[in-house]
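Observations on chain architecture
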Amino acid sequence: MSMVLATAVVAISLATPMASAAPVSDGGPPYPYADCLAATKQKGESPSYGRWHCDQLVKKGYVLPPNR
């Protein structure tokens, strides 16, 4: 049992630095808040629903918070 635990600890410690070294600024998320609002308007959402939708995406980390 201790061999399995030791193997798991080694696997996790080897995987952690690899995940943190991945490039983040490749044009992917997080997107600007204004782009989110423009996309919701283009999809036909009402302004109030679009703001709610973008606020939910801010909470998940997909969209940057607005500059208010």
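Structure report, in brief. A quick note: this is a predicted structure, and the numbers were derived from the prediction, not measured. (Residues numbered from 1 in each chain as written. Predicted model: local features only at pLDDT ≥ 70, side-chain atom pairs only at ≥ 80, totals over all residues. Heavy atoms only, no water.)

1. Re the overall build of the protein chain
Heads up, the condition is: In this description a helix means any DSSP run of H or I spanning at least four residues, a strand means any run of E spanning at least two, and both kinds are numbered starting from the N terminus. Relative accessible area decides the class of each residue, using a 1.4 Å probe on protein chains only: under 20% of the type maximum gives buried, over 50% gives exposed, and in between gives partly exposed. The contact rule is simple, with two residues in contact once any of their heavy atoms fall within 4.5 Å.
Of the regular secondary structure elements, the protein chain holds 3 helices and 0 strands. Overall, the protein chain shows an N-to-C arrangement of helices and strands of α-α-α. Put simply, the protein chain has 68 residues, and 9% of those count as buried. For the protein chain, long-range pairs separated by at least 24 residues make up 50% of all intrachain contacts whose partners lie at least 6 apart in sequence.

2. With respect to the state of the cysteines
Under the convention used in this document: The term disulfide is used for any two cysteine sulfur atoms that are within 2.5 Å.
Inspection of every chain in the model, using the stated rule, returns 1 disulfide. Here Cys 36 pairs with Cys 54 through a disulfide, and the sulfurs are 2.0 Å apart. Its S-S torsion of approximately -100° makes the covalent link between Cys 36 and Cys 54 left-handed. Remark: Cys 54 occurs in helix 3 (residues 47–60) and Cys 36 occurs in helix 2 (residues 33–42); sequence separation between them is 18 residues. The buried category is assigned to Cys 36, whose relative accessible area is 9%. Judged by its relative accessible area of 0%, Cys 54 falls in the buried class.

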